[in-house]
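Descriptive structure summary
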Amino acid sequence: MMNKFLKEKEIKRWWDSKRQLRWKNIYEGKDYSSLALNNREFKILDYLSINNKKLNILEIGFGGGQLAYKILKEGHIYTGIDVSSNLTKIANAKCKKYQKKKYNFSVGSFNKRLKFKNNCFDLVIMAGVLQYSSNPKF
């Protein structure tokens, strides 16, 4: 079994690889993977529309920022953490037009305690990331 440090390093290396730049446009595809991702995104956005108030949202594992873009478009406050430096750059570029709104993308890992005050978010989104945990009990 791979030790925790090596697993975390390998996950970051994998997500920072050039192959993962496909996440920039993957939601625009016509294949099954794109359909599944769009359906997941639709369900999350549908849930957000139930509330009539603006939420302070944390997304862990934001990928290329597709969901973040739509969340910001709806006027919510957004914070995102992703292990990939490359995808963080892509998400920042994608959401640039919302720079006057409150949002923040940063590189980080959910395998460590996040430095946020307790109860500072109304909603935390973790879609398609738990399988990358190096410490599931944490």
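Residues numbered from 1 in each chain as written. Predicted model: local features only at pLDDT ≥ 70, side-chain atom pairs only at ≥ 80, totals over all residues. Heavy atoms only, no water.

1. Side note on the confidence of the model for the protein chain
Rules: pLDDT measures how confident the predictor is about each residue, on a scale from 0 to 100. Strands here are runs of E lasting at least two residues and helices are runs of H or I lasting at least four, both read from the DSSP assignment and numbered beginning at the N terminus.
Looking at the protein chain as a whole, the pLDDT averages 85, with 92% of positions reaching at least 70. When the elements of the protein chain are averaged for pLDDT, helix α1 (residues 4-16) gives the smallest value, 77, and strand β1 (residues 56-60) the largest, 96.

2. Looking at the side chain of Asn111
Here is the rule we go by: Relative accessibility decides the category of a residue: with a 1.4 Å probe and only protein chains considered, values under 20% of the type maximum give buried, values over 50% give exposed, and everything between is partly exposed. Throughout, a residue-residue contact means that at least one pair of heavy atoms, one from each residue, lies within 4.5 Å.
Structurally, the position occupied by Asn111 is in the loop between β3 (103-107) and β4 (123-125). Using a relative accessible area of 8% as the deciding quantity, one classes Asn111 as buried. Residue contacts for Asn111: discarding those within four places in its chain leaves Glu8, Tyr132, Ser133, Ser134, Asn135 and Phe138.

3. Description of a nonpolar patch on the surface
Under the convention used in this document: Only residues whose relative accessible area exceeds 30% and that form no salt bridge are eligible for patches; like-charged ones are grouped when within 9 Å, while nonpolar side chains (Val, Leu, Ile, Met, Phe, Trp, Tyr) are grouped when within 5 Å. Here the Shrake-Rupley method, with its probe set to 1.4 Å, supplies the accessible areas, and only the displayed protein chains count as covering residues. By definition here, a salt bridge exists when the distance from a side-chain nitrogen of Lys or Arg to a carboxyl oxygen of Asp or Glu is within 4 Å.
A cluster of nonpolar residues, Val124, Met126 and Leu130, forms a patch on the protein surface that exposes about 270 Å² of accessible area. For Val124, a relative accessible area of 45% puts it in the partly exposed group.

4. Quick look at the side chain of Ser134
Spelled out, the test is: In protein, a polar contact requires one atom able to donate a hydrogen and another able to accept it; more generally it is a pair of N or O atoms within 3.5 Å, and residues adjacent in sequence count only if both atoms are side-chain atoms.
Note on placement: Ser134 falls in the segment after β4. A distance of 2.5 Å separates a polar atom in the side chain of Ser134 from a polar atom in the side chain of Glu8. The residues contacting Ser134, other than those within four sequence positions of it, are Lys4, Lys7, Glu8 and Asn111.

5. Overview of the nonpolar core
Our working rule: As used here, the term nonpolar core means buried Ala, Val, Leu, Ile, Met, Phe, Trp, Tyr and Cys residues forming a set that is joined through side-chain atoms within 4.5 Å.
Judged by nonpolar contacts, the single largest core of 18 residues is most densely connected at Ile57, Ile71, Tyr78, Tyr103, Phe105 and Ile125. Counting only elements with at least two residues in this core, the list comes to α2 (32-50), α3 (66-73), β3 and β4. Broken down by element, the residue count for this core peaks at 4 residues, all from α3. Not counting residues up to four positions away in its chain, the partners in contact with Ile57 are Leu48, Ile71, His76, Ile77, Tyr78, Thr79, Phe121, Leu123 and Ile125. Ile81, Phe110, Phe121 and Val129 belong to the second largest nonpolar core, which has 6 residues in total.

6. A look at the sheet that holds β3
Worth spelling out the cut-off: Pairing between strands is defined by DSSP: at least two bridges between them are needed. Axes here refer to lines fitted to C-alpha atoms; in helices the fit is confined to the stretch in contact. Angles between the N-to-C directions go from 0 to 180 degrees.
Pairing is parallel in the open sheet, where 4 strands are placed in the order β3-β2-β1-β4. In this open sheet, the two strands that pair with only one neighbour each are β3 and β4. Here the strands of the sheet are splayed against their neighbours by 15 degrees on average, with no regard to which way each runs. Strand direction decides the pairing type here: strand β2 (residues 77-82) and β3, joined by 5 bridges, are parallel. Among the inter-strand pairings, Gly80 is bridged to a residue of β3, identified as Phe105. Against the sheet, helix α4 (residues 85-94) contacts β2 and β3, and its axis sits at roughly 165 degrees relative to β3.

7. Some thoughts on unusual backbone geometry
Glycine aside, residues mostly have negative phi, and peptide bonds are mostly found in the trans state. For Asn119, which is not glycine, the phi torsion reads 60 degrees and is therefore positive. Tracing the chain through its elements places Asn119 in the loop between β3 and β4.

8. A look at the state of the cysteines
Convention followed: Cysteine sulfur pairs qualify as disulfides if the two atoms are within 2.5 Å.
Under the counting rule described, the total for this entry stands at 0 disulfides. Cys95 takes part in no disulfide bond, and the closest cysteine sulfur to it belongs to Cys120, at a distance of 19 Å.

9. Details of the packing of aromatic side chains
In plain terms, the rule: Any two rings among Phe, Tyr and Trp, with Trp reduced to its six-membered ring, count as a pair given centres within 6.5 Å; such a pair is stacked if its planes are under 30 degrees apart, edge-to-face if over 60, and tilted if neither.
Under the defined criterion, the tally for this structure stands at 5 aromatic pairs. Ring centres of Tyr69 and Tyr98 lie 5.3 Å apart, and the angle between their planes is 70 degrees; this geometry places the pair in the edge-to-face category. Separated by 29 residues along the polypeptide, Tyr69 in helix α3 and Tyr98 in the loop between α4 and β3 bring together distant segments of the chain. Note on Tyr69: relative accessible area 23%, which makes it partly exposed. Taken together, the ring pairs in this structure connect Phe62, Tyr78, Tyr103 and Phe105 into an aromatic cluster.

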